[in-house]
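Below are the chains, spelled out letter by letter.
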Amino acid sequence: QATVAKDETAKPSRISEFLAKNKSVPSRPALAGNPHKLMTYLDTKLNKESFQSVNQTEAAKETGIPTGSVNAALKKVVSSGYVAAGEGGYKLVAQ
C-alpha cells in the first residue's frame, strides 16, 4: 500500500527566513574621479561627531578639482552616503 504524503508545500527554510528578515545594507558605491579626490580631502577635514563647514575654494585648491566642479562632487559624495549634510555643514558617516 502506498502511503499518502501530507501536504508538502515548500516552506521557506530557516536560512531563507533569516535572510528575508535581515537584509544586508547595500554597500556604498565606489567613488571615482573628482568625488574620490574630494572624499580623500574631506576624510582629513571632517569628523563623525559634529557638522563642519567646507570651503569649496579651499577644497578645489587642495584637491586640484576645478572650483566649479567641487559642488557637483560634494553632492555625489553626500548621495553616496559617505558624508552627511546638515545644519552648519557636513560630517563623516560611520562606516
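The structure presented is a predicted model; accordingly, all values stated were derived computationally and were not measured.

Engineer: What am I meant to see in the overall build of the chain here?
Structural biologist: Along the backbone of the chain there are four helices and two strands. Traced from its N-terminal end to its C-terminal end, the chain shows the element sequence α-α-α-α-β-β. Put simply, the chain has 95 residues, and 23% of those count as buried. Put simply, the chain shows about 7300 Å² of open surface, and 52% of that area lies on carbon and sulfur atoms.

Engineer: Got a minute to help me understand the packing of helix 2 (residues 33–45) against helix 3 (residues 56–63) in this structure?
Structural biologist: Relative orientation of the contacting elements helix 2 and helix 3 amounts to 115 degrees, with a least axis distance of 10 Å. If you check the angle between helix 2 and helix 3, you find them roughly perpendicular. You can see that helix 2 and helix 3 cross each other, and the crossing is right-handed. Touching K37, L38, Y41 and K45 of helix 2 are E58, A59, E62 and T63, all from helix 3.

Engineer: Could you clarify how one ought to interpret the side chain of T63 in this entry?
Structural biologist: Within the secondary structure, T63 sits in helix 3. In this structure T63 comes out as buried when scored by relative accessible area, which is 16%. Within the structure, the side chain of T63 is placed 2.6 Å from the backbone oxygen of A59, a separation counted as a polar contact. The residues touching T63, leaving out its near neighbours within four places in the chain, are K37, L38 and Y41.

Engineer: Explain the pattern of salt bridges here, please?
Structural biologist: Side-chain pairs of opposite charge can arise where the charged atoms are in close proximity. Taken as a whole and assessed by the stated rule, the structure comprises one salt bridge. A salt bridge links K45 to E58, with the shortest nitrogen-to-oxygen separation between them at 4.0 Å. Here E58 lies in helix 3 and K45 lies in helix 2, a separation of 13 residues in the sequence. For K45, a relative accessible area of 43% gives the class partly exposed.

Engineer: Can you help me understand the nonpolar core in this one?
Structural biologist: A general tendency of soluble globular proteins is for nonpolar side chains to be buried together. The biggest cluster of nonpolar side chains holds 18 residues, and the ones touching the most others in it are L38, M39, L42, L46, V77 and V83. Counting only elements with at least two residues in this core, the list comes to helix 2, helix 3, helix 4 (67–79) and strand 2 (89–92). When neighbours within four sequence positions are excluded, M39 is seen to be in contact with L31, V77, Y82, V83 and L92.

Engineer: Would you explain the environment of K91 in this entry?
Structural biologist: Looking at the secondary structure, you find K91 in strand 2. Expressed as a C-alpha distance, the spacing of K91 and Q52, which sit 39 residues apart in the sequence, is 6.4 Å. Ignoring sequence-local partners within four residues, the contact set of K91 consists of L46, N47, K48, E49, S50, F51, Y82, V83 and A84.

Rules used in this analysis
Just so you know, the residues in each chain are numbered from 1, in the order the chain's sequence is written. Predicted model: local features are reported for residues with pLDDT of at least 70 only, side-chain atom pairs are reported and counted for 80 or more only, and whole-chain, interface and lining totals are derived from all residues. Computation of side-chain values covers all heavy atoms of the structure but excludes hydrogens and water. A helix here means a DSSP run of H or I that spans at least four residues, while a strand means a run of E at least two residues long, and both kinds are numbered starting from the N terminus. When a residue's accessible area, from a 1.4 Å probe over protein chains only, is under 20% of the maximum for its type it is buried; when over 50% it is exposed; and in between it is partly exposed. Only the protein chains shown count as covering a residue, and every accessible area follows the Shrake-Rupley method with a 1.4 Å probe. Working convention: axes come from line fits to C-alpha atoms, limited for helices to the stretch in contact. Angles between N-to-C directions cover 0 to 180 degrees. The scheme is simple: roughly parallel for angles under 35 degrees, roughly antiparallel for over 145, roughly perpendicular for 65 to 115, oblique for anything else. A crossing counts as left-handed when the near helix is turned anticlockwise from the far one by less than a right angle, and as right-handed when that turn is clockwise. Any two residues whose heavy atoms approach within 4.5 Å at even a single point are treated as in contact. Distance and chemistry together define a polar contact, namely a pair of N or O atoms within 3.5 Å, with one atom able to donate a hydrogen and the other to accept it when in protein, and with adjacent residues in sequence counting only for side-chain atoms on both sides. Whenever a carboxyl oxygen of Asp or Glu lies within 4 Å of a side-chain nitrogen of Lys or Arg, that contact is scored as a salt bridge. Take the buried Ala, Val, Leu, Ile, Met, Phe, Trp, Tyr and Cys residues and link them wherever side-chain atoms come within 4.5 Å; each set so joined is a nonpolar core.

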